[in-house]
Amino acid sequence: MENSTAVKTFIGNILPAVSICLLLGACSSFHEVETGTIRTKGKTDFLCHYMSWFRFSESDGIINFDHWAWDGKNAKHNPNQPLFAGMRDIASVFYPSIGVYDSSDPETIDYHILSAKTAGIQGFVIDWYGKGGFVDESFEKLLVRSEKMDFKAAICYEEKTCFPSWNKISERDEAVKKAAADFKYMAEKFFSKKSYFRKNGKPCVFIFGGWGDWPGKGKLYFSSEEWDKIIEAAGGDIYIIRQNFNAEYKNIRSAFAWCGNDDYLKWFYRTGDKMLEDRLLDFYCGSACPGFDDRGVWGWGTAPRFEAPLGTENYSRYWREFEKSSADIIQLVTWNDFQEGTVIEPTVQNGNLYLEMTMAEIQKLGGNVYGNPADIEIPYMIFYLKGKLSGDSSADSILESAKLDILAGNPDKARAAIKSLADEKGIKIPKYIDITNEIKPASFASPENEKARKALERFSNTENIANLAKAEAISSEGEGRSADLVCDGKIETRWASAHEDNQRLQLSFDKAVKAGEAAILWEDAFAHDYTVSIVSEGKEVEVFATKSGAKGLQSFKMPEMPFTSFSVNCGKRATNWGFSIREIGIFSKELPLPEGFSAAWRGIPAPGKWRKDDAVEWREKGFGIAPSSERNYGCVEMTEKVPLNENASACFEIDKTANCKLTFQMQLFNDKGEYIGAVDLGKDIVAPAKEIYQVGKLKLDPSVKNVNFKIWIGSQGKGYAEFKNLSYFY
């Protein structure tokens, strides 16, 4: 999904125009048509490409940051971590003024529509990936909100989703059948909606064309004859608006431009105007893009690409080329592709700059706008107050009326009502929404999610030995979706397979391990049916099976036998995507040493490498406060220094305690004996047998290479602790 988007987005900037044509296989020859003067246009349609795939919601205790997060080799962004100025660490060089958002949230959709419409934009063109799933649901909601606001929306279909490796398709007729089924679904569910975009009375579907060869099967895009069948499945009376031109497609009488350099734009408009003159097209669609910068995802894992926005200069050159052409639709690229940096949505970095410029350009071409540049901020003000005054029915009524005032062309009335409400409630509207005042969806307050959060804490605990295994899969979707992410202890990362059934994910251990319980945390793209098996003493043993899988947490007991591998065998997919697992937990009370780690010490603190103070006495296992001590706290100290690196972890397992509540703290000292930090190992512990406490990874100054440490025990009463296991490894 992402990688190919990057190719189609930036291709005009890195290749000469002729090379573009050869690569895409979808361009006609160059035509020398003079474009030095502004042509007389008919009514222009002003559209904007729109991504509806952003997630900011909580389900089963997990905050979903899809398309805000990125965990690649050269770029890592975790939105759970704040950066400077209260902004989350998102996979973009820009940050939305309203903060991170969820594309399915009605208030977010309203904010986007109202902001766009104020500037004169008439509709959104949505990247759509087939029936079912989050994007499909978000698009349906967008159509509903659009109808209420006299706005339009259309689908942009990805031709590549009908071919390998997006689907388990082995023959061309299968690819055609999939596309035909998708178009039939569109026709039945969307095309009749009042808010669906039409041209000359016909519903329009934009197409990002596929590219490349399918060995032995032709090209990885449809022929003109295959498009006949697909169009027929949708009822026949539709417009296909395909990326760039190809005169061989007699049944496709329109095309759209994407972003590109000056040579590409001049070629595109010359070709489009000539094809209109030759009556090979009914109409065509130009483009305008502010710039390109995908450093947030590091070029989708390859290498970052950059086209400087240059303030308004870059955006302006697109409009100048468009106004000289006979194209009567323009698609702005894009509203909110934050990962590729082609963003005109208001951001912290650019404010309302590109919407203000869009408003001016649309006015110049005779389009309708709903106010002046200062009014672009009004939808933002409504969005903020709607979030802060959620549940206040009186305030909600005022804000809904303000939306209607904008749509009626009365922005001054809307502004006055908003200012009065904010003053009455004592609310100061910030210039942008940071992590301290962001508008969270209702799901965050769910009691079920609070309960689920506690269950998910086990994945990052030391009892989860999955992180000691090597993870491999039959396939992975790409960088940032690799198999090892199922055992990194982070529920915000995930493995994703190719979009095919019958996938396998395996965790392999160097030495046999035992576990009492296991858990799989499925993402939205879960398996309809799957089994889990282990290899014990050379034999594969099935330990779990289901034919009614679901997203979220699935836990099951493990048999009492040693095993060297743990496999999830996925059968049939529940969605059009592949399979996706956030985390696997294999929970063991035994703590094997991780592969590739060295043990600084293991076992129990005892005489030899340890010394104690006078308040402590050695016991059979561990230590405790001496009955003769005048204080109820003491410490044991490691006499040798141990290495410290990014993998350093500590854990301990209390076998039993007696006569007290115990508190443990590990204090660390550098080579010079200077105190550098402390980690609480447990507080007020009255431990049952075999209870595990742990610290996990120690986050300390990377310049410190070696440490020694003291473990302090504080006791309410003259008590002691005996340990089954106490370990530090690195």
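Here is what the cut-offs are and how they apply
- Residues numbered from 1 in each chain as written.
- Predicted model: local features only at pLDDT ≥ 70, side-chain atom pairs only at ≥ 80, totals over all residues.
- Heavy atoms only, no water.
- Helix = DSSP H or I, 4+ residues; strand = E, 2+ residues; numbered from the N terminus.
- Buried < 20%, exposed > 50% of the residue type's maximum accessible area, 1.4 Å probe, protein only.
- Contact = heavy atoms within 4.5 Å.
- Areas by Shrake-Rupley, 256 points an atom, 1.4 Å probe, with all protein chains shown as cover.
- Pairing = 2+ DSSP bridges.
- Phe/Tyr/Trp six-rings, centres within 6.5 Å; stacked < 30°, edge-to-face > 60°.
- Lys NZ or Arg CZ within 6 Å of the ring centre and 35° of its normal.
- Axes fitted to C-alpha atoms, helices over the stretch in contact; angles between N-to-C directions.
- Parallel < 35°, antiparallel > 145°, perpendicular 65-115°, else oblique.
- Left-handed = near helix turned anticlockwise from the far one by under 90°.
- Nonpolar A, V, L, I, M, F, W, Y, C, P; charged D, E, K, R; others polar.
- Salt bridge = Lys/Arg side-chain N within 4 Å of Asp/Glu carboxyl O.
- pLDDT = per-residue confidence, 0-100.
- 1 Å grid on protein atoms, 1.4 Å probe; cavity = no way out; pocket = protein on both sides within 12 Å on 5 of 7 lines; lining within 4 Å.
- Points joined across faces, edges and corners; volume = space filled by probe spheres on them.
- Expected span 1.5 Å × (residues − 1).

Colleague: Please explain the overall build of the chain as it appears in this structure.
Modeller: Looking only at helices and strands, the chain has 14 helices and 40 strands in total. For the chain, buried positions account for 56% of its 730 residues. By sequence separation, contacts in the chain at least 24 residues apart represent 74% of the contacts at least 6 residues apart. With the model as given, the accessible surface of the chain reaches about 29,900 Å², and the carbon-plus-sulfur share is 49%.

Colleague: I tried to follow the pairing of strand E1 (residues 45-50) on my own but got confused; where do I start?
Modeller: Along a regular strand, successive side chains alternate from one face of the sheet to the other. When you tally the buried positions in E1, you get six out of six residues, the bulk of the element. Here E1 shows no split at all, with Asp 45, Leu 47 and His 49 on one side and Phe 46, Cys 48 and Tyr 50 on the other all buried. Of the strand pairs in this sheet, E1 and strand E17 (residues 329-332) are connected by four bridges, and their pairing is parallel. What sits directly across from Phe 46, in E17, is Ile 330. One ladder, built from four bridges, connects E1 with strand E6 (residues 123-128); its direction is parallel.

Colleague: Explanation requested: the packing of aromatic side chains in the structure shown.
Modeller: Two numbers describe a pair of aromatic rings. These are the distance of the centres and the angle of the planes. Within the structure shown, the criterion is met by 49 aromatic pairs. A network of ring pairs unites the aromatic residues Trp 128, Phe 139, Tyr 157, Phe 163, Phe 183, Tyr 185, Phe 190, Phe 191, Tyr 196, Trp 214, Phe 222 and Trp 227 as a single cluster. The ring of Tyr 239 has Lys 202 sitting right over it, with the charged end atom 4.8 Å from the ring centre. If you follow Arg 317 out to its NZ or CZ, it ends over the ring of Tyr 318, 4.5 Å from the centre.

Colleague: Teacher, can you tell me more about the packing of helix H9 (residues 313-323) against helix H10 (residues 353-364) here?
Modeller: With their axes 11 Å apart at the nearest point, H9 and H10 run at an angle of 15° to one another. Here H9 lies roughly parallel to H10, going by the angle between them. The two elements H9 and H10 cross, and the hand of that crossing is right-handed. Within the contact between the two elements, H9 uses Tyr 315, Ser 316, Trp 319, Arg 320 and Glu 323 and H10 uses Tyr 354, Met 357, Thr 358, Glu 361, Ile 362 and Lys 364. Class assignment for the residues of the contact of H9 with H10 results in five nonpolar, two polar and four charged.

Colleague: Would you take a moment to explain the pattern of salt bridges for this structure?
Modeller: Where charged atoms from two side chains of opposite charge come close, those side chains can pair. Tallied over the entire structure, the rule returns 41 salt bridges. We note a salt bridge from Lys 403 to Glu 107, for which the minimum N-O separation is 3.0 Å. Of the two residues, Lys 403 is situated in helix H12 (residues 393-407) and Glu 107 in helix H3 (residues 106-118); the sequence distance between them amounts to 296 residues. Judged by relative accessible area, Lys 403 falls into the buried class, the value being 4%. Relative accessible area serves as the criterion here: at 22%, Glu 107 is assigned to the partly exposed category.

Colleague: Would you mind going over the sheet that holds strand E28 (residues 580-587) with me for this structure?
Modeller: Pairing between the strands of a sheet is mediated by backbone hydrogen bonds and can be parallel or antiparallel. The sheet built from four strands is open, its strands ordered E21-E28-E23-E26 with antiparallel pairing. Each having just a single partner strand, strand E21 (495-496) and strand E26 (552-557) make up the two edges of the open sheet. Pairing of strand E23 (residues 517-522) with E28 involves six bridges; the strand directions are antiparallel. Bridge assignment links Ala 519 to a residue of E28, and that residue is Gly 585.

Colleague: Help me understand the confidence of the model for the chain, please; the structure alone is not making it clear to me.
Modeller: Mean pLDDT for the chain: 82, with 74% of residues reaching 70 or above. Within the model, pLDDT remains below 50 along residues 591-602, and this stretch shows 42 contacts once partners closer than five positions in the same chain are excluded. Low pLDDT, under 50, characterises residues 687-698; the stretch is placed with 46 contacts to residues that sit more than four places away or in other chains.

Colleague: Is there a simple way to think about empty space enclosed by the protein in this case?
Modeller: The probe, sized like a water molecule, is rolled over the atoms to show the empty space still left. One pass over the structure, following the stated rule, counts five cavities of 30 Å³ or more. Surrounding the largest cavity, Tyr 129, Thr 161, Trp 166, Asn 167, Lys 178, His 499, Asn 576 and Trp 577 form its lining.

Colleague: Would you explain the side chain of Arg 55 in this entry?
Modeller: Mapped onto the secondary structure, Arg 55 falls in the loop between E1 and strand E2 (57-59). Once you skip the residues sitting within four places of it in the chain, Arg 55 turns out to touch Asn 64, Phe 65, Asp 66, Trp 68, Tyr 101, Asp 102, Phe 134 and Asp 524.

Colleague: Quick question: what am I supposed to make of H3 here?
Modeller: Since the α-helix packs 3.6 residues into each turn, any two residues three or four apart lie on the same face. In a regular helix each residue adds 1.5 Å, so 13 residues correspond to 18 Å; H3 covers 18 Å between its end C-alpha atoms and thus fits that length. Extensive coverage of H3 is indicated by the burial of eleven of its 13 residues. Every buried residue belonging to H3 is among Thr 108, Ile 109, Asp 110, Tyr 111, His 112, Ile 113, Leu 114, Ser 115, Ala 116, Lys 117 and Thr 118, and all of these are buried. Positive phi shows up at Gly 120, right after H3, with a value of about 105°.

Colleague: Which parts of the structure should I look at to understand the sheet that holds strand E27 (residues 563-570)?
Modeller: Taking strand neighbours across the sheet as the criterion, the five strands line up as E20-E22-E27-E24-E25 in an open arrangement whose pairing is antiparallel. One side of each edge strand has no neighbouring strand; the edge strands of this open sheet are strand E20 (470-473) and strand E25 (539-546). Averaged over all neighbouring strand pairs, the angle between strand axes comes to 20°, with direction disregarded. Note: strand E24 (residues 530-536) against E25, seven bridges, orientation antiparallel.

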